[in-house]
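Breakdown of the fold
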Amino acid sequence: MGPLRLLILQATPFCNLNCTYCYLPDKTIRRRMSLEVIEQSVARIVASGLIHKEFSIVWHAGEPLAAGMKFYREADAAIRKHVPAEVKFKHCLQTNGTLINREWCTLFKELPISVGVSVDGPAFINDKFRVDRRGKGSLAQIEQGVAHLRDAGLPFYTISVVTKDAVQQPDAIFRYLYQLGPECIAFNVEEIEGVHESSSLQSVTVEEFGRFMERMHELSFEVGQPNLVREFRHAHAAIMGTVRKVPRGLAMENNPLAIINVDVDGNFSSFSPELLGMKHPTHGDFILGNFLHSGIEELKQSTKFQEMTREIEAGVKACQASCEYFHFCGGGAPSNKLFENGSFNSAETLHCRMTKKVITDIVLSRMETMLAHDLPAEYAELMA
Ligand code: SF4
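Everything numeric in this text was worked out from a predicted model, so none of it was measured.

Rules used in this analysis
Residue numbers here run from 1 along each chain, matching the order of that chain's written sequence. Given that this is a predicted model, residues contribute local features only at a pLDDT of at least 70 and side-chain atom pairs are listed and counted only at 80 or more, while totals for whole chains, interfaces and linings are drawn from all residues. Side-chain descriptors were evaluated using all non-hydrogen atoms of the structure, hydrogens and water having been removed beforehand. Take the buried Ala, Val, Leu, Ile, Met, Phe, Trp, Tyr and Cys residues and link them wherever side-chain atoms come within 4.5 Å; each set so joined is a nonpolar core. Between buried and exposed lies partly exposed: a residue is buried under 20% and exposed over 50% of the maximum accessible area for its type, with that area taken using a 1.4 Å probe on protein chains only. Secondary structure elements follow DSSP: runs of H or I no shorter than four residues count as helices, runs of E no shorter than two count as strands, and numbering proceeds from the N terminus. Between two residues, a contact is recorded if the distance between any of their heavy atoms is within 4.5 Å. Two N or O atoms form a polar contact when they lie within 3.5 Å of each other; inside protein one atom must be a possible hydrogen donor and the other a possible acceptor, and for residues adjacent in sequence the pair counts only when both atoms belong to side chains. Nearness of a residue to a molecule or strand requires only that one of the residue's heavy atoms be within 4 Å of it. Classification used: nonpolar for Ala, Val, Leu, Ile, Met, Phe, Trp, Tyr, Cys and Pro, charged for Asp, Glu, Lys and Arg, polar for all others including Gly. In this description, a disulfide is simply a cysteine sulfur pair whose atoms lie within 2.5 Å. Here the rule is simple: two strands pair whenever DSSP picks up at least two bridges between them. All axes here are fitted lines through C-alpha atoms, helices being fitted over the stretch that makes contact, and every angle between N-to-C directions spans 0 to 180 degrees. Here a crossover is taken to be right-handed if, once the strands point away from the viewer, the path from the first strand over the helix to the second is traced clockwise. An angle counts as roughly parallel when it lies under 35 degrees, as roughly antiparallel when it exceeds 145, as roughly perpendicular when it falls between 65 and 115, and as oblique in every other case.

Examining the nonpolar core
Grouped together as the largest cluster of nonpolar side chains are 97 residues, with contacts concentrated most on L7, W59, F108, F187 and I260. Counting residues in hydrophobic clusters, the runner-up holds 6 residues, among them C15, L17, Y21 and V161.

A look at the environment of E63
In this fold, E63 is placed in the loop between β2 (54–59) and α2 (69–80). Judged by its relative accessible area of 2%, E63 falls in the buried class. Sequence-wise, E63 and T12 are 51 residues apart; in three dimensions their C-alpha atoms are separated by 7.0 Å. If we skip the residues at most four places from it in the chain, E63 touches T12, F14, C15, N16, T95, N96 and L99. Of the polar contacts made by the side chain of E63, one reaches the backbone nitrogen of N96; its length is 2.7 Å.

Observations concerning the site of the ligand
With respect to spatial proximity, the complete set of residues near the ligand consists of C319, C323, F326, C329, G331, G332, A347, E348, C352, K356 and K357. Here the shell around the ligand gets 3 residues from one element, more than from any other, and that element is helix α14 (residues 350–371). For the shell around the ligand, the residue count by class is 6 nonpolar, 2 polar and 3 charged.

Describing the state of the cysteines
Within this structure, the stated rule accounts for 0 disulfides. With no disulfide of its own, C22 has C19 as its nearest cysteine by sulfur position, at a separation of 6.5 Å. C184 takes part in no disulfide bond, and the closest cysteine sulfur to it belongs to C92, at a distance of 13 Å. For C184, a relative accessible area of 10% corresponds to the buried category.

Considerations on unusual backbone geometry
At the junction of G2 and P3, the peptide bond is cis and its omega measures out at -5° in the coordinates. Here P3 is to be found in the segment before β1 (6–9). With an omega of -15°, the peptide bond between L111 and P112 qualifies as cis. With respect to the helices and strands, the residue P112 is situated in the loop between α3 (102–110) and β4 (113–118). Even without glycine at this site, L257 takes up a positive phi of about 70°.

Section: the sheet that holds strand β8 (residues 267–270)
As summarised here, the arrangement of the 9 strands in space is β6-β5-β4-β3-β2-β1-β7-β8-β11, forming an open sheet in which the pairing is mixed. Two strands in the sheet have a free side with no partner beyond their single neighbour: β6 (184–189) and β11 (289–290). Two elements, β8 and β11, share 2 bridges in a ladder whose sense is antiparallel. What sits directly across from F268, in β11, is G289. Relative to the sheet, helix α5 (residues 139–151) contacts β4 and β5 (156–162), its axis offset from that of β4 by approximately 150°.

Re the pairing of β1
Within a regular beta strand, the side chains point alternately toward one face of the sheet and then the other, so they alternate between its two faces. Looking at chain direction, β1 and β2 are connected through 4 bridges and run parallel. Within the sheet, the bridge partner assigned to L9 lies in β2 and is W59. You can see the chain leave β1, run along helix α1 (residues 35–48) and come back into β2, and the turn it takes is right-handed. With 4 bridges joining them, β1 and strand β7 (residues 259–262) adopt parallel strand pairing. Following the sheet pairing, L9 is matched in β7 by V262.

Overview of the packing of helix α8 (residues 206–222) against helix α9 (residues 230–243)
Where α8 meets α9, the closest approach of the two axes is 10 Å, and the angle between their N-to-C directions is 85°. Judged on the interaxial angle alone, α9 and α8 are roughly perpendicular. When α8 is examined against α9, the residues M213, M216 and H217 are found in contact with a partner set consisting of E231, F232 and H236. Its residues assigned to classes, the contact of α8 with α9 shows 3 nonpolar, 2 polar and 1 charged.

Describing the side chain of T98
As for its placement among the helices and strands, T98 is situated in the loop between β3 (88–95) and α3. Looking at T98, its side chain comes within polar contact range of the side chain of N16, at 2.9 Å. Looking at T98, its side chain comes within polar contact range of the side chain of N96, at 2.7 Å. Not counting chain neighbours up to four residues away, the residues in contact with T98 comprise N16, L17, S138, Q141 and I142.

Now the structure itself:
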């Protein structure tokens, strides 16, 4: 179990946007995580020995900037009280970008906080999905936020949700995201999860999605940054790890307690971050304890945790036995298996076909083609 690599804290469930594909159930609730929850969570995790040399704190599940700047300064001080000096940690957050201003940029540098901005592409894509409660598109505000990041010289990455509409527009989306100036572009597929019970990608074939991603790969080469897109960066690393006989091992979400997710009230869970706050007909909720009242030792004893661990392990074994991509994937994501197949103990999902199999095929195919020719310098470096 562990070590802890990601501590995911819900600063607030509130979000000022109402994106059409959002899976979060409580985004109108204006509450903030208390300093007591933060301190108890960190103190109990540190006492459990789950933290080794370093870990990341991800402020997630709601719009993190809605919690306010004072919250993060106080939270950072509260966390530092409990984390031993020799342990390194970093703050990360994924924001919808609409609230970023100069003062936020000062804070991002001060703590520091690494920033990802959610933006789906040009207005005709982004503003169809990433809307406020009145249905108004958010792109103009996002662009203002990104301009502040750039003016402050802050690196950032983008994450875009790929929908059926997006799949038709790879060039427009890539060129739009590229001109924003991110150091990495990431794509998440529109998932079936939580209150979002269907995905527009269900009517997109894997081949169509593959063509979209393949074009993203070509465009990355065209701009001289073959590793600009996160999905290809990860696939390269996994493939080269296998070549060097250092397989990637289990996907983090399958490793018990490598990820701990804590909600605004101190309830906690592990495995896929999306599980916290979800309900399932067989499993009920996925809450494994509350840091105000219990810690990691109690969690390890709980039947619920042990059952989840067993079922997730069985799902990983099913992947291992049936899937030739296992060494590049690490057994997928438990939340996608549960919400798509009805059980953690299952293997292939639409999600893994699109995010693992297609991507691995694109990268392998290009590597094979290029090995027959002279490799461009940037690519040769990646493969060295
Ligand atoms: S690609 Fe899919 S089926 Fe294969 S190991 Fe990953 S999750 Fe399992």
